[in-house]
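Chain by chain, the residues:
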Amino acid sequence: MTVSVKNRRLLVGGAWVEDKELLPVIDKYTGEGIANVFVASRETVEKAIAAAHAAFPGWSRTPAHQRFRILEKASRLLAQHQEEIATIICREAGKAWKYSMGEVARAVETFQFSAEEAKRIHGETVPMDASTAGEGRMGFYLRSAVGVVAAITPFNFPLNLVAHKVGPALAAGNALVLKPASTTPLTAVRLGEILEEAGVPGGVFNVVVGSGGTVGDWITTDPRVAKISFTGSPPVGEAILRKAGLKKVTMELGNNSGTIIEPDADLAAAVPRCVVSAFANSGQVCISLQRLYVHKSIAGEFTKRFVEETKKLKVGNPVEKDCDVGPMIDEGEARRAEAWIREAVDEGAKVLIGGKREGRVLYPTVLANVRPEMKVMCQEAFAPLVSLYEYETFEDAVRMVEDSPYGLQAGVYTNDIRKALYAVDRINAGGVMINDTSIFRVDHMPYGGNKMSGLGREGVRFAVEEMTNIKMVMIKP
Ligand code: NAP
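Residues numbered from 1 in each chain as written. Predicted model: local features only at pLDDT ≥ 70, side-chain atom pairs only at ≥ 80, totals over all residues. Heavy atoms only, no water.

Visitor: Mind showing me how you'd approach the side chain of Thr 310 here?
Guide: Mapping Thr 310 onto the fold places it in helix α10 (residues 296–311). For Thr 310, a relative accessible area of 3% gives the class buried. For Thr 310, the residues in contact, after removing those within four places along its chain, are Val 275, Phe 279, Ile 353, Pro 364 and Val 366. (Helix = DSSP H or I, 4+ residues; strand = E, 2+ residues; numbered from the N terminus. Buried < 20%, exposed > 50% of the residue type's maximum accessible area, 1.4 Å probe, protein only. Contact = heavy atoms within 4.5 Å.)

In structure tokens form, the structure reads like this:
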């Protein structure tokens, strides 16, 4: 399998530009260099922001039916190039082939949803005479594009998490400057070509690559940027918030997701689903299943089946079609997760399977005998690592899932509607999935976190709301 990319340029003001430095991008399994990308200097970032700023008025006035057609074409082009783009994701992110193909398929839908959303961005009338001061007046509000959106994205979904910002921003009539993760910039550059071919005018969509501390910081602090849409880790999110000044922001941050398994759960469905939820993309998903609370009456049976199912996972080179678990993004991250496992074991945890690391590859690891204060439980692991915890009462389990600084998504397996509703009521999170795990997501649902998991929501329609301003119009006859 080969990727036909070498020195990749940056998309700035409708032109593909070079710069002084090159950043090598490696295959995360073999370590082989697959391409170099030009690193944006301050001058290039300045040009990208200026281009977006200049392109905004024209794009925001482009009729909705045209924005629809362009986004729909982008969706079709992604579908046509699914295998080629999946290969880029697979190699630069180390994501198993089937999940890389799945990510492209989701981005096809995200752009399709964005195209559709472009046609239904509207306000509503306001009953002015509800106030005595409003009698005899007519009122309504419009939604207008905010201007330049800066999209700063992580490595773990280099296409679909970019699509979640780019699609809605373009649908709403905004211009963009995208800074992808430095470890996975090739997919973003390829998306630039797709959008160009789809007909996005020059300057409306710009891609600049470079470190968060330089390129990320320059776009965060630029006063011409009206909105920052960030997905990444909580510390970086907080740093951006401190520097952004008076800008709109959306923050999609981390989680240490929990799922509860009640005795009435259908184990034949729950066990394989929980295994996929813990280990897909080597656990590097913000809603990966990390804390698994199992009722003590079924804990023995569940654990046996869970370990058996985990044993079946094929670990190795993600380009192989039957690979389930590939490498982590870098060896430092794999070592960090390995150290957390060792620390937990020193404090009394038991490794039921896994715990082994070879370079960037951490084998799927299941821990038991864990305690809530262990790092593997109370911090975001972001690794192929799940901890099983036996609970006595459902109320205890819900309290433990909720006892987290994060609040992105949680899962509950139960067919008892009272228990399901109790969990929905008590868990302070952006989403509670009944008879599924924390990992469930489709791309049009509202998605985002509470507490340290973030601010605002994505999911195309909801992202459009975050990327538009309300303009109130009052008419006095
Ligand atoms: P990260 O280290 O926070 O990086 C995310 C992006 O921010 C990268 O493009 C990074 O650039 C950039 N960045 C770093 N420092 C910056 C700064 N000072 N100013 C501006 N930008 C800066 O996150 P990651 O390791 O790529 O991704 C993993 C994290 O993302 C996890 O915590 C995960 O839970 C979270 N996540 C959340 C969601 C969600 O929807 N809630 C989805 C996926 C991932 P460089 O690459 O150059 O450092």
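Visitor: Just checking my understanding: could you explain the nonpolar core for this structure?
Guide: Most often, soluble globular proteins keep nonpolar side chains buried together rather than apart. By size, the foremost hydrophobic cluster in this structure holds 79 residues, and its most contacted members are Leu 78, Phe 111, Leu 170, Leu 195 and Phe 205. Looking at this core, the element that brings in the most residues is helix α4 (residues 97–118), giving eight residues. Discounting chain neighbours no more than four positions away, the residues touching Leu 195 are Ala 74, Phe 111, Val 166, Leu 170, Val 200 and Phe 205. If you look at the next biggest cluster of nonpolar residues, it comprises 29 residues, including Ile 260, Ala 397, Val 398 and Met 400. (Core = buried A, V, L, I, M, F, W, Y, C linked by side-chain atoms within 4.5 Å.)

Visitor: Before we go on, may I ask you to explain the site of the ligand in this structure?
Guide: Residues in contact with the ligand amount to 31 residues; listed here are only the nearest, Thr 153, Ser 182, Ser 233, Leu 253 and Glu 380. Contact between the ligand and Phe 155: an oxygen atom at 3.3 Å from a main-chain N or O atom of the residue. Protein burial of the ligand: of its 910 Å² of free accessible surface, 84% is covered by the chains. Among the cavities detected, the one that contains the ligand is the largest pocket. Listing elements by their share of the shell around the ligand, those giving two or more residues are α7 (212–221), β11 (225–231) and α8 (234–244). (Near = heavy atom within 4 Å. Polar contact = N/O pair within 3.5 Å; in protein donor to acceptor, adjacent residues only side chain to side chain. Areas by Shrake-Rupley, 256 points an atom, 1.4 Å probe, with all protein chains shown as cover. 1 Å grid on protein atoms, 1.4 Å probe; cavity = no way out; pocket = protein on both sides within 12 Å on 5 of 7 lines; lining within 4 Å. Sits in = over half its atoms within 2 Å of the grid points.)

Visitor: What is the right way to look at the environment of Gly 203 in this model?
Guide: Mapped onto the fold, Gly 203 is located in the loop between α6 (186–198) and β10 (205–207). Through-space distance from the C-alpha of Gly 203 to that of Ala 410 is 40 Å; in sequence the pair is 207 residues apart. Every residue in contact with Gly 203, bar those within four places of it in the chain, is listed here: Gly 13, Gly 14, Ala 51, Ala 52 and Ala 55.

Visitor: So what exactly am I meant to see when it comes to the sheet that holds strand β21 (residues 409–413) here?
Guide: Strand pairing within a sheet occurs via backbone hydrogen bonds; the two strands may be parallel or antiparallel. Strand order in the open sheet formed by seven strands is β15-β18-β19-β14-β13-β21-β22, and the pairing between neighbours is mixed. Strands at the two margins of the open sheet, each flanked by one partner only, are β15 (350–353) and β22 (431–434). Across the sheet, the mean angle separating the axes of adjacent strands is 25 degrees when strand polarity is ignored. Across three bridges, β15 lies against strand β18 (residues 365–368) in antiparallel orientation. By the bridge assignment, Ile 353 is partnered in β18 with Val 366. Those strands touched by helix α11 (residues 331–346) are β15, β18 and β19 (385–391), and its axis lies near 25 degrees from that of β18. (Pairing = 2+ DSSP bridges. Axes fitted to C-alpha atoms, helices over the stretch in contact; angles between N-to-C directions.)

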